[in-house]
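Now for the letters of each chain:
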Amino acid sequence: MKRFRDLMVVSLVLVVGLAPAALAQSPAEIEAALKSAHARYKDLKEGANADYIPALAKVDPNIFGIVVVTTDGKVYTVGDVTSEVSIQSISKVFTMARVMEEQGPEAIASNMGVDATGQVFNSIVAVEQHKGAEMNAMVNPGAITATSMVKGATSEEIWGSIIGTYSDFDGRKLSVNQEVYKPEAETNQRNQAIAMLMYAYGHIKAEPLRATDIYTRQCSVNVNAKDLAVMAATLANGGKNPLTGKQVINTQNVPEILAVMATAGLYDDSGKWLFSTGLPAKSGVGGGILAVSPGKFGIAAIAPPLDKAGNSVKAQKAIADVSNALGGNPYAPKPR
Ligand code: GLN
């Protein structure tokens, strides 16, 4: 009996020991990839902070951190990974995920569509062109509509569901940066107009201004580079947070979330981005970008200065280099 038990223990150790790592590279190689990308771009001065509110303009432009979190729960960091910026448009991914969880991916596809608009993220022309039908949840009309679809009887209940979802993706309780939220809420008339149009065309069913306010709040959530990388890794790991072990969303919904990110995650430069990395990703004007290598890792970088399309200059370059060094591109099969 004892021998049998010993045998069981040995075989269990073997099975666990043999589970393939998420990445073929050794920890030292992964760290080297991060360090070299950080060193290559840390002094790059291209781009400028978003400046539509003072709270964004005054963020330290030198913040620069990169984090990889593998689907087997290993965390690799370089640079400044504790400074927080507002999540901004990256939030759109996780609100869409919440809606899919409640109503299925089809609810998103049929209500605001999943195609790229070919217009800037807050385009009113795009809404007019297709009466709000051919949007996607990564641009403001689709994103505010997604926020309006989250279930809850009151503002606070809806907000609780949204921030709870983000926190589960992250494994840490996230909160709103009031210094960003207040001025954004006072100056979001364009987003209010977009919401009103989406309401007029029947995509937002009720309370468009409430949806805009909650959307503004979700954009103002503070995150650091590690937060974003864990959120990306939760998607890379089929909706299960690799650090907390919590199944945050249904694994079946992940492909649709990644598809929308791939189509429209980096605004007008989404095609260029996909061409160079193959990674579903999402950027925000706070300077963060997260990207997902399905089954392998989540990666994120924060660096506030943005290019003309509104994407962090350094974060794009750093994520592309690290992912390419780690074989992150899901469109790169090896011949037999
Ligand atoms: N709060 C911003 C807006 O909706 C977010 C923009 C962004 O990150 N692209 O206008």
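As the structure is a computational prediction, the values presented were derived from the model and not from experiment. (Residues numbered from 1 in each chain as written. Predicted model: local features only at pLDDT ≥ 70, side-chain atom pairs only at ≥ 80, totals over all residues. Heavy atoms only, no water.)

A. Representation of the layout of surface pockets in the model. Taken as a whole, the largest pocket spans an internal volume of roughly 310 Å³. As for the largest pocket, its lining consists of 14 residues, and the residues nearest its centre are Y52, F121, N122, N140 and N191. Looking at the lining of the largest pocket, the elements with two or more residues in it are α10 (189–200) and α11 (208–219). Counted by class, the lining of the largest pocket contains 5 nonpolar, 7 polar and 2 charged residues. Of the pockets and cavities examined, the second largest pocket occupies roughly 200 Å³. Considering the residues around the second largest pocket, the lining is formed by 14 residues, among which S148, M149, V150, K205 and A206 are closest to the centre. Residue assignment for the lining of the second largest pocket shows that the elements contributing at least two residues are α7 (140–149) and α11. (1 Å grid on protein atoms, 1.4 Å probe; cavity = no way out; pocket = protein on both sides within 12 Å on 5 of 7 lines; lining within 4 Å. Points joined across faces, edges and corners; volume = space filled by probe spheres on them. Helix = DSSP H or I, 4+ residues; strand = E, 2+ residues; numbered from the N terminus. Nonpolar A, V, L, I, M, F, W, Y, C, P; charged D, E, K, R; others polar.)

B. Inspection of helix α8 (residues 155–170) at higher detail. In this model, α8 (16 residues) spans 23 Å end to end at C-alpha, consistent with the 22 Å of a helix rising 1.5 Å per residue. All buried positions along α8 are accounted for by I158, W159, S161, I162, I163, T165, Y166, S167, F169 and D170. After α8 finishes, the residue G171 shows a positive phi value of roughly 80°. (Expected span 1.5 Å × (residues − 1). Buried < 20%, exposed > 50% of the residue type's maximum accessible area, 1.4 Å probe, protein only.)

C. Spotlight on the site of the ligand. Around the ligand sit Y52, Q88, S89, F121, N140, E184, N191, Y215, C219, Y267, G284 and V285, and those are all the residues in its vicinity. In this structure, a nitrogen atom belonging to the ligand sits 3.4 Å away from a side-chain N or O atom of Y52. Cavity membership is defined here by more than half of the atoms lying within 2 Å of grid points; on that basis the ligand lies in the largest pocket. Here the residues of the shell around the ligand are counted per class, giving 6 nonpolar, 5 polar and 1 charged. (Near = heavy atom within 4 Å. Polar contact = N/O pair within 3.5 Å; in protein donor to acceptor, adjacent residues only side chain to side chain. Sits in = over half its atoms within 2 Å of the grid points.)

D. Local environment of the nonpolar core. Among the nonpolar cores identified, the biggest contains 66 residues, and F94, L228, M231, L235, I257, M261 and L290 are the most heavily contacted of them. It is helix α12 (residues 225–236) that contributes the most residues to this core, 9 residues altogether. Among residues more than four places away in sequence, those in contact with M261 are V93, M138, L235, P280, A281, K282, L290 and V292. Core analysis: the second largest hydrophobic core is formed by 26 residues, V78, I289, I319 and L326 among them. (Core = buried A, V, L, I, M, F, W, Y, C linked by side-chain atoms within 4.5 Å. Contact = heavy atoms within 4.5 Å.)

E. Region of the structure containing the packing of helix α4 (residues 91–103) against α11. Relative orientation of the contacting elements α4 and α11 amounts to 125°, with a least axis distance of 9 Å. Comparing the axis directions of α4 and α11 gives the class oblique. Once α4 is placed against α11, the crossing between them reads as right-handed. Judged by residue contacts, S91, K92 and T95 of α4 engage Y215, Q218 and C219 from α11. (Axes fitted to C-alpha atoms, helices over the stretch in contact; angles between N-to-C directions. Parallel < 35°, antiparallel > 145°, perpendicular 65-115°, else oblique. Left-handed = near helix turned anticlockwise from the far one by under 90°.)

F. Highlighting the packing of aromatic side chains. One pass over the structure, following the stated rule, counts 3 aromatic pairs. Taking the centre distance of 6.3 Å and the plane angle of 70° together, the rings of F94 and Y166 count as edge-to-face. Within this pair, whereas F94 is found in helix α4, its partner Y166 is found in helix α8, the two being separated by 72 residues in sequence. As far as burial versus exposure is concerned, F94 and Y166 are alike and both buried. Where F94 meets F169, the ring centres are 4.7 Å apart and the plane angle is 65°; that geometry is what we call edge-to-face. Of this pair, F94 sits in helix α4 while F169 sits in helix α8, placing them 75 residues apart in sequence. (Phe/Tyr/Trp six-rings, centres within 6.5 Å; stacked < 30°, edge-to-face > 60°.)

G. The environment of P280, seen in detail. In this fold, P280 is placed in the loop between α14 (270–277) and β5 (281–283). Along the chain, P280 and A236 lie 44 residues apart, while their C-alpha atoms are 10.0 Å from each other.

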